[in-house]
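The residues making up each chain are set out below.
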Amino acid sequence: MTETELAFATIEEVAPLIRKKKISPVELTELMLRRIERLNPRLNAYITVTAELAMKQARKAEAEISAPRSRACYRGPLHGIPISLKDNIHIAGVRTTAGSKILAEFTPDGDAAVVALLKRAGAVLLGKMNMHEFAYGVTSNNPHYGAVHNPWDLERIPGGSSGGSAAALAAGLCYASLGTDTGGSIRIPAALCGIVGLKPNFGRVNTEGVVPLSRSLDHVGPMARSVVDVALVLRALVGDNDQAGALQKVPLPFTIKDPSEVNRGPRRPCRLAIPKNYFYDDLDEEVRAIVQEAARSFERLGAVIQEVSMPNLDRADTASTNIALAEARAYHQAQGWYPARAADYGEDVRKRLEWGGEVRAVDYLLPAETHLNLGLEFLGTEETGGRLVDALLVPTVPFAAPRIGEEKVMVGGKEASVRGELIRLNRPANFFRMPAISIPCGFTRSGLPVGLQIIGRQWDDANVLRLAQRYQQRHDWHLRWPPLE
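Heads up: these notes are all about the structure in this document. Please read these numbers as outputs of a predicted model, since none were measured by experiment. (Residues numbered from 1 in each chain as written. Predicted model: local features only at pLDDT ≥ 70, side-chain atom pairs only at ≥ 80, totals over all residues. Heavy atoms only, no water.)

Some details on the packing of aromatic side chains
Link 1 in the chain: All chains considered together, the criterion is met by ten aromatic pairs.
Link 2 in the chain: For the pair F8 and W481, a centre-to-centre distance of 4.6 Å together with 20 degrees between the ring planes defines the contact as stacked. Placement of the pair is F8 in the loop between helix 1 (3-7) and helix 2 (11-19) and W481 in the segment after helix 15 (461-472), with a sequence separation of 473 residues.
Link 3 in the chain: With relative accessibility at 8%, the residue F8 sits in the buried group. (Phe/Tyr/Trp six-rings, centres within 6.5 Å; stacked < 30°, edge-to-face > 60°. Helix = DSSP H or I, 4+ residues; strand = E, 2+ residues; numbered from the N terminus. Buried < 20%, exposed > 50% of the residue type's maximum accessible area, 1.4 Å probe, protein only.)

Examining the sheet that holds strand 14 (residues 436-443)
Link 1 in the chain: What the eleven strands build is an open sheet, ordered 1-3-2-6-8-7-14-15-11-9-10; its pairing is mixed. Sheet topology places strand 1 (46-49) and strand 10 (304-308) at the edges, where each strand pairs with a single neighbour. Averaged over all pairs of adjacent strands, the angle between strand axes in this sheet comes to 30 degrees, irrespective of strand direction.
Link 2 in the chain: Along the sheet face, helix 15 touches strand 7 (196-199), strand 9 (271-275), strand 11 (391-395), strand 14 and strand 15 (449-456) and points at about 15 degrees away from the line of strand 14. (Pairing = 2+ DSSP bridges. Axes fitted to C-alpha atoms, helices over the stretch in contact; angles between N-to-C directions. Contact = heavy atoms within 4.5 Å.)

Looking at the pattern of salt bridges
Link 1 in the chain: Evaluation of the coordinates by the stated rule reveals 21 salt bridges.
Link 2 in the chain: D344 serves as the salt-bridge partner of K101, at 3.4 Å between the closest nitrogen and oxygen. One end of the pair, K101, is in the loop between strand 2 (82-86) and helix 5 (113-120); the other, D344, is in the loop between helix 10 (313-334) and helix 11 (347-356), and 243 residues separate them in sequence.
Link 3 in the chain: Taking relative accessible area as the criterion, K101 reaches 46% and is therefore assigned partly exposed. (Salt bridge = Lys/Arg side-chain N within 4 Å of Asp/Glu carboxyl O.)

Description of the nonpolar core
Link 1 in the chain: Of all hydrophobic cores here, the largest spans 142 residues; its most connected members are F279 and I454.
Link 2 in the chain: It is helix 8 (residues 227-238) that contributes the most residues to this core, ten residues altogether.
Link 3 in the chain: Contact partners of I454, with chain neighbours within four places excluded, come to F298, A391, L392, L393, P435, A436, I437, I439, V464, L467 and A468.
Link 4 in the chain: The next biggest cluster of nonpolar side chains, apart from the first, holds 14 residues, and it includes I188, V409, V411 and V418. (Core = buried A, V, L, I, M, F, W, Y, C linked by side-chain atoms within 4.5 Å.)

Focus on the packing of helix 10 against helix 11
The axes of two packed helices give the description: the angle between them and the distance between them.
Link 1 in the chain: Packing of helix 10 against helix 11 leaves a shortest axis separation of 7 Å and a crossing angle of 100 degrees. One element, helix 10, and the other, helix 11, form an angle in the roughly perpendicular class. Contacts between helix 10 and helix 11 involve L325, A326, A328, R329 and H332 on the former and, on the latter, R352, L353, E354, W355 and G356.
Link 2 in the chain: Across the contact of helix 10 with helix 11, the residue classes tally to five nonpolar, two polar and three charged. (Parallel < 35°, antiparallel > 145°, perpendicular 65-115°, else oblique. Nonpolar A, V, L, I, M, F, W, Y, C, P; charged D, E, K, R; others polar.)

Brief notes about helix 4 (residues 51-66)
Link 1 in the chain: Look at helix 4: 22 Å from first C-alpha to last across 16 residues, which is about the 22 Å you get at 1.5 Å a residue.
Link 2 in the chain: For helix 4, the secondary structure elements touched by its buried residues are helix 2, helix 3 (25-43), helix 5 and strand 3 (124-129). (Expected span 1.5 Å × (residues − 1).)

Okay, structure coming up:
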């Protein structure tokens, strides 16, 4: 491989080379650090580069893997792999800003639960990623650390709030990254940057040690350039955790040695649904055509696809908004930051914290009681005779990446809010606590990525991954690189 080819290789490809000692973790880490130094000034994806820590971890990994056989220790497919983390995830002794001025000098004493698991897996931590302030937005246009730029077009947003993670992956500046998702903050940037992003089932991954936005809706999840890589990171993140007494290890349908195991089809035809309403309302026509073609690919793979009506989804959108507004305000007020330091917030985040104080108790509490019943309706409709389908196939976002600073776009002949429309298609999976993944499914005529979202049943992360991988095995959208080199 050339250095560029190696930088854009997958963990699935690189991990066996490390294990067989054909390439060293030190060499990989040095490659990533060189690329960060060269390309990050154009992307602004990293807030903090932890070069010293990364090299220390890479040398440790190399020593463990290269030791004489009696003392050799190979921890698994993440051992020696350079990855990054969104800057709201604590690393002990490393500045964690959450993209804010308020936490600009905050250095946590301990690791987030997910960081402890990554260290146990032997991963190399490259640094902390730029993001929308306090994860409360979808553009990653940060007023304190500068806007993150989309590698496919530097004048456009990467999405958010995990925008730095997605931009770095698309540009070959890490092999995986951790993001957080409260209303689409993993899947939106994954779609706009042409990478893979998984929001696991609520409670699947421990969120301890992560600066919260809305504890009822927050998720931590993996982002990478392939579905297999996302699954490998998820397996490390689950670990031995049984948070809320509901966790179980994800029964991945493949291993790094034999990813082709995902071809083992279910005993009955897979039943997938395409909603007639909500998700396919107000789409850019080019995006609509690309996503519909992706859905037809599943028919060619043998899936049974049915159009369904999905009532009440507008209720989920409103309910999610009220939950996030109220819980964000409560957290920031409890920390003593708002309203005492209101001037230190960016305007958009400050407005939402103000609005959070106006949410009525009934509008916050009622959604908590109704989300389960709505969730049962979500994948079982009149058209299916009430039987649950295996997953939904929907767009991740309704249009390709807007320009930085653009707050309104034209969709379906009418003006729409960039923020509102990007979140709209992603909020239901957070509200219903279901696993959802975004995978690349094509490009617009102007060369911008489009994402397909697969939303599965509760706790069925494995099937979501299986479906995404079956699609990705037959399409090469995820193998394309942006024109940065």
